[in-house]
Amino acid sequence: MKDRLPPLQGLYYFYTAAKFGSFKRAADELFVSAAAISQQIRQLEESLGADLFIRQHRKVVLTMEGEVLFEQAMRGFEHLQQGVRQINQDPNPNQLSISTLPSFAQHWLVPKIGDFRNQHPDLELMIEPTSQLADFQNSSLDLCIRYGPGNYPNLNAELLFEELLYPVCHPIYQEQHGIYDLSDLTGADLIEDYWRDLDWGIWLNNAGHSTSKPTLKYNGSHFVLEGALSVQGVALAKHTLAKRYIDEGKLVRIGNLAQTTDYNYYLCAPRAYFKRDKIKRFSEWIFEQAKQHQDFDELGLEIIDSGSPR
């Protein structure tokens, strides 16, 4: 007795033809020719060593062997369809749960999220600021926004926007210490993050200026920015987080150089999640926000990458 299953395509063609009692209707359902249906079923019958249909003029009737196979095939394909539905099914269609870095949540997402709420008042929003990696298998999480290389196992990562780094400080600190150009940074208190791409030495070297050691280090970009807002010194800041405060006059940019980074912001989730209606709506909104945010030309910046102007 053979334990090996026949080709799945032949079984599915048989199942569809048996369900409709017609090769032609099965062909219409599967968008193939009736001849293709007939050929697949003939090969299936040869593989099983049994006739599955009695072929009549306008219809086909199952043989006893066909009845046995159809009953089992129906159960099998119904189980498969149920599995597919479970993968794509949204258990909480009216609730959107998003995980993101505390810095991004505080300085970018939360100030803008009111606009999304106004457009989609039917969705209950939950935003979890955390530096922990997202766990989609053991939580009700729908999306995460991450700053990194973008190659996250088992997740679909869509580039949200690229990042730039430049020096910023409070206008009061600028006036008190006379920090108006990059050459003035030698007399400034430098604030940096522990992330390896947010290193003052690397940034200044790429900018062609003498390096200086930071006097303040924080573990988190939101703390770095708060340090600058609190008149503690000049921060090496992400454009994503600093732009809002520059527009409001709470921070000023020093010089016109900005540097690209190895990391960028990504919208991440299992691939099937992106088919959910609420995630489609949020994705459309946030990518429009990101597009407005990424208009670097209006900033008048000279962007450097690996030490070379581009």
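The name recorded for the protein in an unreviewed UniProt entry is Transcriptional regulator, from Vibrio brasiliensis LMG 20546. The Sequence similarities (unreviewed entry) comment attached to the protein in UniProt states, word for word, "Belongs to the LysR transcriptional regulatory family."

Help me understand the domain arrangement of the protein in this model?
Bring the parts together and some accessible area is lost; that lost area is often taken as the interface size. Domain boundaries in the protein define domain 1 (8–87), domain 2 (95–156 + 264–292) and domain 3 (164–261 + 298–304). Between the C-alpha centres of domain 2 and domain 3 the distance comes to 27 Å. For the pair domain 2 and domain 3, the summed buried area comes to about 1,100 Å², and 55% of that belongs to carbon and sulfur atoms. For the pair domain 2 and domain 3, the interface holds zero salt bridges. Applying the counting criterion to the domain 2 and domain 3 interface returns three residue pairs in polar contact (both at pLDDT 80 or more).

What is the right way to read the side chain of Ser221 from this model?
Take Ser221: it is sitting in helix α8 (residues 221–229). Side chain to side chain, Ser221 and Asp193 meet in a polar contact 3.0 Å long. A distance of 3.3 Å separates polar atoms of two side chains, one belonging to Ser221 and the other to Lys238.

Is there a simple way to explain the pattern of salt bridges in this structure?
Opposite charge on two side chains permits pairing when their charged atoms draw close. All chains considered together, the criterion is met by 12 salt bridges. A salt bridge links Glu71 to Arg75; the shortest N-O distance between them is 3.1 Å. Separated by four residues within a single helix, Glu71 and Arg75 lie in helix α4 (residues 64–88), roughly one turn from each other. The class of Arg75 is partly exposed, set by a relative accessible area of 44%. Measuring nitrogen to oxygen at the nearest pair gives 3.1 Å for the salt bridge that ties Arg281 to Asp277. Here the residue Arg281 and the residue Asp277 both occupy positions in helix α10 (residues 277–293), the gap between them amounting to four residues, near one helical turn.

Any chance you could explain the sheet that holds strand β13 (residues 264–269) here in plain terms?
Adjacent strands of a sheet pair through backbone hydrogen bonds, lying either parallel or antiparallel. The strand order β4-β3-β5-β13-β6 describes an open sheet built from five strands, whose pairing is mixed. Here the strands that pair on one side only, and so sit at the sheet edges, are β4 (124–129) and β6 (156–161). Looking at each pair of strands side by side, their axes are set apart by 25 degrees on average, direction ignored. Relative to β13, β6 runs antiparallel, the two being bridged by five bridges. Across the sheet, residue Leu159 finds its bridge partner in β13, namely Tyr266.

Looking at this structure, how should I read the pairing of strand β5 (residues 143–148)?
On a regular strand, one side chain projects to one face of the sheet and the next to the other, so that they alternate. Summarising burial for β5: six of the six residues are buried, a large majority. On β5, burial covers both faces: Leu143, Ile145 and Tyr147 on one face and Cys144, Arg146 and Gly148 on the other are all buried. Relative to β5, strand β3 (residues 95–100) runs parallel, the two sharing three bridges. Bridged to Ser99 within β5 is Cys144. Alignment of β5 against β13, held across five bridges, turns out to be antiparallel. From the neighbouring strand, Gly148 faces β13, where its bridge partner is Asn264.

Any chance you could explain the packing of helix α5 (residues 102–119) against α10 here in plain terms?
For any two helices packed against each other, the geometry comes down to the angle between their axes and how far apart the axes lie. Taken N-terminus to C-terminus, the directions of α5 and α10 make an angle of 130 degrees; their axes are 11 Å apart at the nearest point. If you check the angle between α5 and α10, you find them oblique. For the pair α5 and α10, the sense of crossing is right-handed. Here Trp108, Leu109, Lys112, Ile113, Asp115, Phe116 and Gln119 of α5 lie close against α10, whose contacting residues are Arg281, Phe282, Trp285, Ile286, Gln289, Ala290 and His293. Counted by class, the contact of α5 with α10 contains eight nonpolar, three polar and three charged residues.

Is there a simple way to explain unusual backbone geometry in this structure?
As a rule of thumb, non-glycine residues mostly have phi less than zero, and peptide bonds are mostly trans rather than cis. Notably, Asn154 is not glycine yet its phi reads approximately 65 degrees, a positive angle. With respect to the secondary-structure elements, Asn154 resides in the loop between β5 and β6. Overall, the relative accessible area of 76% leaves Asn154 in the exposed class. For Val231, which is not a glycine, the phi torsion comes out positive at approximately 65 degrees. Among the secondary structure elements, Val231 is positioned in the loop between α8 and β10 (234–238).

The rules behind the values
- Residues numbered from 1 in each chain as written.
- Predicted model: local features only at pLDDT ≥ 70, side-chain atom pairs only at ≥ 80, totals over all residues.
- Heavy atoms only, no water.
- UniProt positions renumbered as here; feature names shortened; annotations may be inferred.
- Domains from an automatic or database assignment.
- Buried area = accessible area lost by both parts, 1.4 Å probe.
- Salt bridge = Lys/Arg side-chain N within 4 Å of Asp/Glu carboxyl O.
- Polar contact = N/O pair within 3.5 Å; in protein donor to acceptor, adjacent residues only side chain to side chain.
- Helix = DSSP H or I, 4+ residues; strand = E, 2+ residues; numbered from the N terminus.
- Buried < 20%, exposed > 50% of the residue type's maximum accessible area, 1.4 Å probe, protein only.
- Pairing = 2+ DSSP bridges.
- Axes fitted to C-alpha atoms, helices over the stretch in contact; angles between N-to-C directions.
- Parallel < 35°, antiparallel > 145°, perpendicular 65-115°, else oblique.
- Left-handed = near helix turned anticlockwise from the far one by under 90°.
- Contact = heavy atoms within 4.5 Å.
- Nonpolar A, V, L, I, M, F, W, Y, C, P; charged D, E, K, R; others polar.

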